[in-house]
Structure formats: C-alpha cells, structure tokens
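Now for the letters of each chain:
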Amino acid sequence: MNKQLIEKTYPIIKIEDHNTDNQQKTFFFNIEDDVIKNNINVLPGQFYMLRTKLGQKPISVSHFDGKIIGFTVLKRGNVTADLLDNADVGTYIGLTGPLGNTFDLSENDENILIIGGGVGIAPVYNLAKYALNKTNIKTTALFGSRTASLSAFAQDLPRQTDRFESRFYTDDETGENHGFVTKDLEEIFSKQKFTSVYMCGPEKMMVIAAEQIRKLQPNIRIRISMERYMKCGIGLCGSCVLDDIGLRVCADGPVFDYDVLIKSKEFGKYHRDSHGVIHSF
Ligand SMILES: Cc1cc2nc3c(=O)[nH]c(=O)nc-3n(C[C@H](O)[C@H](O)[C@H](O)COP(=O)(O)OP(=O)(O)OC[C@H]3O[C@@H](n4cnc5c(N)ncnc54)[C@H](O)[C@@H]3O)c2cc1C
Ligand code: FES
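Predicted, not measured: the structure shown is a model, and the values here were computed from it. (Residues numbered from 1 in each chain as written. Chains lettered and ligands numbered in written order. Predicted model: local features only at pLDDT ≥ 70, side-chain atom pairs only at ≥ 80, totals over all residues. Heavy atoms only, no water.)

(A) Geometry of the side chain of Glu203. Position of Glu203 relative to the elements: it lies in helix α5 (residues 203-216). Leaving out residues up to four positions away in the same chain, Glu203 has contacts with Met226, Glu227, Arg228, Glu266, Phe267, Gly268 and Phe281. (Helix = DSSP H or I, 4+ residues; strand = E, 2+ residues; numbered from the N terminus. Contact = heavy atoms within 4.5 Å.)

Here it is, written out as structure tokens:
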C-alpha cells in the first residue's frame, strides 16, 4: 500500500445533498495534481482527516476516480455541522491523507458480500464501485439506512447484472425494501457461498450481521471497518486504541478482521468520547 500522505487545503468543486435537508452531503475535491506529482493511490477503506476552522475529523473516502475525491459527511457535532452548514463550492478545506489501511481484497476473492449501514455505506460504496469497475469479482452489496435519501449517494450502482447485485433497505417505508440490512442474509447464503465479507456501519448492526453470517457460512473471512473517536489520525495520541487488544483504529485499522475484533472487550459494547469517557452502544 502507498504510505505517502498529503496535508493540504483544497477548494470544494462540487457538493451533493440528495434531499437530505442538510443532514448529509458529499463534498468533492480535485486532487489530480497531487496524485500525479506524489504518486498517490487512494484505496477503498482509507480515510482522510478533514479540517475546518473548528478542528479536524476522520472521514472515509466515498468516491475516487484517480482525480476527483469525494467524502460523504453526516451531520453529528461541531466540525461536521460546520462543513454542512457553512462550506460552499470554492470553500477551502484541509485534507490530510490518505490514512489507514484498506478493505484489502484477498487474492482468493471470487464472490464477495458487502454490507453498509448508515453513513458506513460511504466506504463500502467506494469498495463496491472498485470491485465493479476494477476487478472481475462477483459482488453482492447490501446497504441499509434510516431513510432512502441517506443512501441516495450510492444509488448509481447497478441493481442486478451477471456479476453485480445491490439491494437497498430502509428503516422507514421510503425505500425499495423495508427492514434491516440483515433481513435477506439467509436467502442470499442459501443460494451462494462467499469468499469474504466487507462491512461498515453501526457496531451493533455489524455484530449481529457477523454472528449471523458465521452461522450461515462458518470460518468465512470477515473484514470490518471501525469508527472510534480520533484526535491525531496518525497513530500518536492513543485516543482510538481498542481496549485490551491495544490496536489503534487510525494506524492499525480502520479495517480489522472480525476474529481480531472479537478479542477486544469494547467491540459492539462501548466506545470512548474525546475525554476518554466510556459510552455504551
Ligand atoms: C475511520 C473513520 C471514518 C469515518 N468516516 C465517516 C464518513 O465517511 N462520514 C461521516 O459522516 N462520518 C465518518 N466518521 C465519523 C466522523 O468522524 C464523526 O462523525 C465526526 O468525528 C464527528 O465530529 P463532530 O465534530 O461533528 O462531532 P463532535 O462534536 O466531535 O462529536 C459529536 C458527538 O459524537 C461523538 N463522536 C464523535 N466522533 C465519534 C466517533 N468517531 N465515534 C463515536 N462517537 C463519536 C462525540 O463523542 C459526541 O458525542 C468516521 C470516523 C472514523 C473513525
Ligand atoms: S487518533 Fe491518535 S492514535 Fe489514533
């Protein structure tokens, strides 16, 4: 993997909202000059620290075509609200990255399952696009969100081809399928076996999905992208360390094997805030 990283401000060249009423937007930047000059490659699963005047926050890459990079941001607290409420086309935003490891498609991958929930759809959507356009791997992608507008940024994926299938689920009745993203797992596994599963989303959802999948196909390789409060994003401050296993989400992850994560006592149970205080999921 390319470990070169760039720290620079770039102007926003395009913003997409997809009728989320300012709750979620995708911000696009042109990084072509740096891709060429510094031989940067940005792979699915990696993230950048996005910086406004209020601070910096980790955001996954949701779009990358070799020139234009996109980040899909959900409004949560200070920095994400600053981005959604105040940034326009032309506003300069600090980007540091690419950071972290990748979903790491295996050499043995012939048929993969991708699962994304909430804004966790962003990095796995990028992986789905990569699998579709850059590989011959057969891919099934399942995306779940509270309401259809929050997954609209990923709806350009084909629903069904010989090699690719995508299904969208919503908690409310606005989408194609009403229900949780795990709803059809039994049906899907009854028809095919997968070489790997790649996941990102709410941790409770990922625990339930992984446990169900291991029952349907024991020993299957499961790669999970984790979210933890980050300050530095480059492995120095320790704020994102996973209890007991001592791994840093920013530098050793954010993508981990499920078999490694289940050794951490906090996986699926709690996370820490900026002061290190524990909050249960
Ligand atoms: C590797 C990685 C990739 C991410 N990718 C995306 C993405 O693609 N799109 C996106 O919208 N968000 C993503 N996030 C989450 C995003 O970084 C947080 O939403 C953001 O840090 C919130 O910052 P804020 O200043 O808006 O909120 P703050 O004011 O810092 O916090 C608001 C509340 O959220 C809690 N919180 C903040 N960050 C986290 C966290 N990481 N885990 C648990 N609780 C937290 C705080 O404790 C507080 O209660 C990612 C996080 C990580 C670690
Ligand atoms: S955020 Fe500082 S070590 Fe991970």
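(B) How the structure looks around the site of ligand 1. In the vicinity of ligand 1 there are 22 residues, among which Pro58, Thr72, Leu74, Gly77 and Thr80 approach most closely. Thr72 places a main-chain nitrogen or oxygen 2.8 Å from a nitrogen atom of ligand 1. Separating a nitrogen atom of ligand 1 from a backbone N or O atom of Tyr229 is a distance of 3.5 Å. Mapped onto the shell around ligand 1, the elements with two or more residues apiece are β4 (55-60), β6 (68-74) and α2 (78-86). (Near = heavy atom within 4 Å. Polar contact = N/O pair within 3.5 Å; in protein donor to acceptor, adjacent residues only side chain to side chain.)

(C) Geometry of α5. For α5, with 14 residues, the first-to-last C-alpha span of 20 Å sits near the 20 Å given by 1.5 Å per residue. Looking at α5, one finds that the buried residues are Glu203, Met205, Met206, Val207, Ala209, Ala210, Ile213 and Arg214. For α5, the elements touching its buried residues are β8 (111-117), α4 (185-191), β12 (196-200), β13 (221-225) and α6 (258-261). (Expected span 1.5 Å × (residues − 1). Buried < 20%, exposed > 50% of the residue type's maximum accessible area, 1.4 Å probe, protein only.)

(D) Expanded view of unusual backbone geometry. A cis amide bond, omega 0°, links Gly97 with the succeeding residue Pro98. Residue placement: Pro98 occurs in strand β7 (residues 92-99). Omega for the bond connecting Gly253 with Pro254 falls within 30 degrees of zero, at 15°, which places this linkage in the cis form. By the element assignment, Pro254 lies in the loop between β13 and β14 (255-257). At Asn19, a residue that is not glycine, the phi angle is positive and equals roughly 55°. What makes Asn19 exposed here is its relative accessible area of 73%.

(E) Structural detail: the environment of Thr170. With respect to the helices and strands, Thr170 occurs in strand β10 (residues 164-170). Ignoring sequence-local partners within four residues, the contact set of Thr170 consists of Ser145, Arg146, Thr147, Ala148, Gly175, Asn177, His178 and Gly179.

(F) Seen up close, the sheet that holds strand β5 (residues 63-64). The strand order across the open sheet built from seven strands is β4-β3-β7-β1-β2-β6-β5, with neighbouring strands paired in antiparallel fashion. The outermost strands of the open sheet, each flanked by one partner alone, are β4 and β5. With six bridges connecting them, strand β1 (residues 6-16) and β7 associate as antiparallel partners. Counterpart to Thr9 in the pairing with β7 is Gly94. (Pairing = 2+ DSSP bridges.)

(G) Region of the structure containing the nonpolar core. Among the nonpolar cores identified, the biggest contains 33 residues, and Leu113, Ile115, Met199, Ile213, Ile222 and Ile224 are the most heavily contacted of them. Examining the composition of this core, we find that six residues originate from one element, α5, more than from any other. In this structure, Ile224 is in contact with Met199, Met206, Pro254, Val255, Phe256, Tyr258, Leu261 and Phe267, ignoring residues within four places of it in sequence. The next biggest cluster of nonpolar side chains, apart from the first, holds 22 residues, and it includes Phe29, Val61, Ile69 and Ala87. (Core = buried A, V, L, I, M, F, W, Y, C linked by side-chain atoms within 4.5 Å.)

(H) Here's a closer look at α2. Residues of α2 that are buried: Val79, Thr80, Ala81, Asp82, Leu83 and Leu84. The inward-facing, buried residues of α2 abut β2 (24-30), β3 (47-52), β4, β6 and β7.

(I) The packing of aromatic side chains, seen in detail. With the rule as written, the count across this model stands at seven aromatic pairs. Arranged with centres 6.0 Å apart and planes meeting at 65°, the rings of Phe29 and Phe71 form a pair that is edge-to-face. Pair noted here: Phe29 is in strand β2 and Phe71 is in strand β6, with a separation of 42 residues, a long-range link. Taking relative accessible area as the criterion, Phe71 reaches 0% and is therefore assigned buried. (Phe/Tyr/Trp six-rings, centres within 6.5 Å; stacked < 30°, edge-to-face > 60°.)

These values are about where atoms sit, not about what they do.
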